[in-house]
Amino acid sequence: MKTYNWGIIGTGFIAQKMAAALLLVPQSKLYAVASRNSSTAANFAATHNCKAYGSYEELANDPDIDIVYIATPHNYHCENTLMCISKGKHVLCEKPFAVNGREVRLMIDAAREKGVFLMEALWTRFNPRVIHAKSSIESGRLGKIKLLTGNLGDLKPFDPENRFFSKQLIGGSLLDMGIYPLFMALFMLGKPKTIKAAAGIGATGVDTNCSITLGYEDDAMAILHSSLVAATDGVCVIHCEKGKIEFGPSIYAPEKVTLVPLEGNPEDITLELTGNYYQYEAIEVIRCIEAGETSSPMWSWDDSIVLIDSMDEIRRQIGLTYEGHDIG
Ligand SMILES: NC(=O)c1ccc[n+]([C@@H]2O[C@H](COP(=O)([O-])OP(=O)(O)OC[C@H]3O[C@@H](n4cnc5c(N)ncnc54)[C@H](OP(=O)(O)O)[C@@H]3O)[C@@H](O)[C@H]2O)c1
């Protein structure tokens, strides 16, 4: 059985999480990390027992690396991914896949042309509790979804240089946090017929509060919000004709899923999970590559396009622009 060598680009919060998660992924080895700074790379490499590169290009040029995980701020996702694909690497790139639909399509076209695997690292899609909630809906036991509510908000300390608030680093609540409730609505209800959005724009010109209402066939709706200035409950409730499913906190990695039928007793679904849950998406990467698939059927290129196109539309409505990353 082949062992796949992973490289990680970036050394921040999420890079550390994935380095730990890879220990739980079969046929996988964290082989190298790259930072813009040699000593940062060396420190990370010493902690995680891998090779260190002082530039992202050097890592992409290493012929022994099979898969690259991109863990840089949003604005670099497209260029980092294109560079790795051009060197023939498979890529798992953090969410949001890129800043706009045009960039996501460039990445997908490049992967298709090169015949390599590419996926947005939307870890929530691979969480067994979320998958269980989706199967409960699909079983039809609770009837059709009528209303989904979901939110994600955190009171972030204000720092204009930080990627959450910096306009240059594509700050704002929508692309960082609102993406999760939006994903949940798309995953549970599909592509909406209508999108209506409103936002509060903070001192640095990014959305510190964002609200989204999605409209579906019949009278079904999703009501979602995200925030950088309010610690919200992070809960998702899927109200159906014959009961509801509640899960959270948090919407991105729920600790508990509860099925509440209108008739009968509530059922807690406490699936025991291991690790930090980031391993599940990486396991799917290996499965796809072994099967010769370039896009995952679980979170496909089309799924990522629907998600980013929805965020482009929301940005259009709230007037949120990022220099160099126009929504067209
Ligand atoms: N799936 C999840 O649960 C999850 C959670 C958090 C974040 N994320 C996503 O992961 C990405 C990174 O987030 P993070 O929280 O890990 O960010 P972070 O802690 O700020 O780390 C980002 C890393 O990117 C590199 N980088 C390259 N250019 C940079 C620049 N101009 N400014 C700052 N850093 C730069 C840095 O590594 P070097 O200095 O070593 O080059 C830095 O350590 C984001 O797109 C975010 O949406 C996902």
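Remember, predicted model here, so these are calculated numbers, not experimental data.

### Regarding the overall build of the protein
Along the backbone of the protein there are nine helices and 14 strands. Its C-alpha atoms give the protein a radius of gyration of 20 Å, near enough to 20 Å, the size a compact globule of 328 residues would have. A buried classification covers 55% of the 328 residues belonging to the protein. Counting contacts in the protein only where the partners sit at least 6 residues apart, residues at least 24 apart contribute 67% of the total. For the protein, the exposed area adds up to about 13700 Å²; of that, 51% sits on carbon and sulfur atoms.

### Considerations on the nonpolar core
Within soluble globular proteins, side chains that are nonpolar generally end up buried alongside one another. Within the largest apolar cluster, 114 residues are counted, with the highest numbers of intra-cluster contacts made by Ile-8 and Ile-238. The leading source of residues in this core is helix H7 (residues 173-189), at twelve residues. Each of domain 1 (4-122 + 289-297) and domain 2 (128-272 + 309-318) gives at least three residues to this core. Contact partners of Ile-8, with chain neighbours within four places excluded, come to Ala-15, Met-18, Ala-19, Leu-30, Ala-32, Val-33, Ala-34, Phe-44, Leu-59, Tyr-69 and Ala-71.

### Re the sheet that holds strand S11 (residues 236-240)
Reading across the sheet, the eight strands line up as S8-S9-S10-S7-S11-S12-S13-S14 and stay open at both edges, with mixed pairing between neighbours. The open sheet has two edge strands, strand S8 (194-201) and strand S14 (267-269), and neither has a second partner. Strand-to-strand twist of the sheet, defined as the mean angle between neighbouring strand axes without regard to direction, takes the value 10 degrees. As judged from the five bridges shared by S11 and strand S12 (residues 243-248), these two strands associate in the antiparallel manner. Bridged to Val-237 within S12 is Glu-246. The sheet strands contacting helix H6 (residues 128-138) are strand S7 (145-153), S11, S12, strand S13 (256-261) and S14, and the helix crosses S12 at an angle near 170 degrees.

### Remarks on the side chain of Ser-304
Checked against the element boundaries, Ser-304 lands in helix H9 (residues 301-318). We classify Ser-304 as buried; its relative accessible area is 2%. Within the structure, Ser-304 has its side chain in polar contact with the side chain of Trp-299 (distance 3.2 Å). Sequence-distant contacts of Ser-304, that is, excluding residues within four places in its chain, are made with Phe-97, Glu-120 and Trp-299.

### Quick look at the packing of helix H5 (residues 101-114) against H9
At a minimum axis separation of 9 Å, H5 and H9 run at an interaxial angle of 165 degrees. Looking at the two axes, H5 sits roughly antiparallel to H9. Helix-helix and strand crossings are classified by hand; for H5 and H9 the assignment is left-handed. Residues Gly-101, Val-104, Arg-105, Ile-108, Ala-111 and Arg-112 of H5 lie in contact with H9, whose contacting residues are Trp-301, Ile-305, Ile-308, Asp-309 and Asp-312.

### A short note on the environment of Lys-2
Here Lys-2 lies in the segment before strand S1 (4-9). As a C-alpha pair, Lys-2 and Ser-28 span 26 residues in sequence and 8.7 Å in three-dimensional space. Those residues in contact with Lys-2, other than ones at most four positions away along the chain, are Gln-27 and Asp-66. Side-chain polar atoms of Lys-2 contact the side chain of Asp-66, separated by 3.3 Å.

### Section: unusual backbone geometry
Going from Lys-95 to Pro-96, the amide bond is cis rather than trans, its omega being -15 degrees. Within the element layout of this structure, Pro-96 appears in the loop between strand S5 (90-94) and H5. The omega torsion across Pro-249 and Ser-250 is 0 degrees, close enough to zero to call that bond cis. A positive phi is found at Asp-218, a non-glycine position, where the angle reads about 55 degrees. Looking at where Asp-218 falls in the secondary structure, it is placed in the loop between strand S9 (207-215) and strand S10 (221-227). We classify Asp-218 as exposed; its relative accessible area is 59%. In the Ramachandran plot, Tyr-277 falls in the positive-phi region, its phi being about 75 degrees despite a non-glycine side chain. Residue Tyr-277 is classed as buried on the basis of its relative accessible area, which comes to 13%.

### Some remarks on the pattern of salt bridges
In the structure shown here, the tally under the stated rule is 16 salt bridges. With a closest N to O distance of 3.6 Å, Lys-51 and Asp-62 form a salt bridge. Here Lys-51 is found in strand S3 (residues 51-53), whereas its partner Asp-62 is found in the loop between helix H3 (56-61) and strand S4 (67-70), with eleven residues between them in sequence. On the basis of relative accessible area, Lys-51 is assigned to the partly exposed category, the value being 37%. One salt bridge in this structure joins Arg-112 and Asp-109, with 3.2 Å as the shortest N-O distance. With a gap of three residues between them, Arg-112 and Asp-109 both fall in helix H5, about one helical turn apart. Looking at Arg-112, the relative accessible area reads 53%, which means it is exposed.

Thresholds, definitions, all that
- Residues numbered from 1 in each chain as written.
- Predicted model: local features only at pLDDT ≥ 70, side-chain atom pairs only at ≥ 80, totals over all residues.
- Heavy atoms only, no water.
- Helix = DSSP H or I, 4+ residues; strand = E, 2+ residues; numbered from the N terminus.
- Rg over C-alpha atoms; globule rule 2.2 N^0.38 Å.
- Buried < 20%, exposed > 50% of the residue type's maximum accessible area, 1.4 Å probe, protein only.
- Contact = heavy atoms within 4.5 Å.
- Areas by Shrake-Rupley, 256 points an atom, 1.4 Å probe, with all protein chains shown as cover.
- Core = buried A, V, L, I, M, F, W, Y, C linked by side-chain atoms within 4.5 Å.
- Domains from an automatic or database assignment.
- Pairing = 2+ DSSP bridges.
- Axes fitted to C-alpha atoms, helices over the stretch in contact; angles between N-to-C directions.
- Polar contact = N/O pair within 3.5 Å; in protein donor to acceptor, adjacent residues only side chain to side chain.
- Parallel < 35°, antiparallel > 145°, perpendicular 65-115°, else oblique.
- Left-handed = near helix turned anticlockwise from the far one by under 90°.
- Salt bridge = Lys/Arg side-chain N within 4 Å of Asp/Glu carboxyl O.

Structural measurements only, silent on function.
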